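# Topology and contacts: notes
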Amino acid sequence: MKHEKYMGYLFEVAWILPSVAIPISVIVAVLITAFAVGIRVPDIAGRIEPKAIAATEPFDEPGLRELAPGKYEAAMVAQVFMFTPNEIEVPVGSEVTFVLTSRDVIHGFKIVGTPVNMMVVPGQISKMRFTFTRPGEYLIVCHEYCGGGHHAMSGKVIVR
Ligand code: CUA
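What counts as what
- Residues numbered from 1 in each chain as written.
- Predicted model: local features only at pLDDT ≥ 70, side-chain atom pairs only at ≥ 80, totals over all residues.
- Heavy atoms only, no water.
- Helix = DSSP H or I, 4+ residues; strand = E, 2+ residues; numbered from the N terminus.
- Domains from an automatic or database assignment.
- Buried < 20%, exposed > 50% of the residue type's maximum accessible area, 1.4 Å probe, protein only.
- Pairing = 2+ DSSP bridges.
- Contact = heavy atoms within 4.5 Å.
- Axes fitted to C-alpha atoms, helices over the stretch in contact; angles between N-to-C directions.

## With respect to unusual backbone geometry
A cis amide bond, omega -5°, links E57 with the succeeding residue P58. With respect to the secondary-structure elements, P58 resides in the loop between β1 (43-47) and β2 (63-68). Backbone torsion omega between T84 and P85 reads -10°, so that peptide bond is classified as cis. Along the polypeptide, P85 turns up in the loop between β4 (82-84) and β5 (87-90).

## Considerations on the domain arrangement of the protein
For the protein, the assigned domains read domain 1 (1-39) and domain 2 (43-159). Between domain 1 and domain 2, the C-alpha centre-to-centre distance is 42 Å.

## Overview of the pairing of strand β7 (residues 107-111)
Of all the five residues making up β7, four are buried; the element is thus mostly covered by neighbouring parts of the structure. Pairing of β7 with strand β8 (residues 117-120) involves four bridges; the strand directions are antiparallel. Within the sheet, the bridge partner assigned to K110 lies in β8 and is N117. Of the strand pairs in this sheet, β7 and strand β10 (residues 136-141) are connected by two bridges, and their pairing is antiparallel. Within the sheet, the bridge partner assigned to K110 lies in β10 and is V141.

## Here's the deal with the side chain of E73
As for its placement among the helices and strands, E73 is situated in strand β3 (residues 71-79). Residue classification places E73 among the buried residues on the basis of a relative accessible area of 16%. In this view, E73 contacts P58, G63, L64, R65, L67, T97 and V99; residues no more than four positions away in its chain are not counted.

## Some remarks on the sheet that holds strand β11 (residues 154-159)
The sheet built from five strands is open, its strands ordered β5-β11-β10-β7-β8 with mixed pairing. A single partner strand is all that each edge strand has here, and the edge strands are β5 and β8. Averaged over neighbouring strand pairs, the angle between their axes works out to 20° when direction is ignored.

So this is what it looks like as structure tokens:
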């Protein structure tokens, strides 16, 4: 009888421990990715009226501008089925802040081989920063289905 009661406790503890340990490990994993690994969700950097894109900085002159030595801002406009500009070139070690908005429908903006991965939503400005420490050609893809030419919507970051 005593033995059965003891086994009962044991089973209870065997269930309680994981039910405490699992949420704790999830919280620890979130803290590690947020602070140690530095994985960030993209900012919603602001709102913009799609009709006003051509008259609103920095989208009135889309492209790359140097903010400080080694620090760049790449302003890009997404629309079916292209990014404007669709190619930028920066020196190795550059910190690039990508600022995007969409003229029409929801697009995606993913730079393959980097953590840069955002939705580009009409009416909204999306912003994400990345430092290119390795030279190469980085493919930009639209990874949000946006219509017939979706698969062809791409671009390139050249790092030299
Ligand atoms: Cu733009 Cu898919």
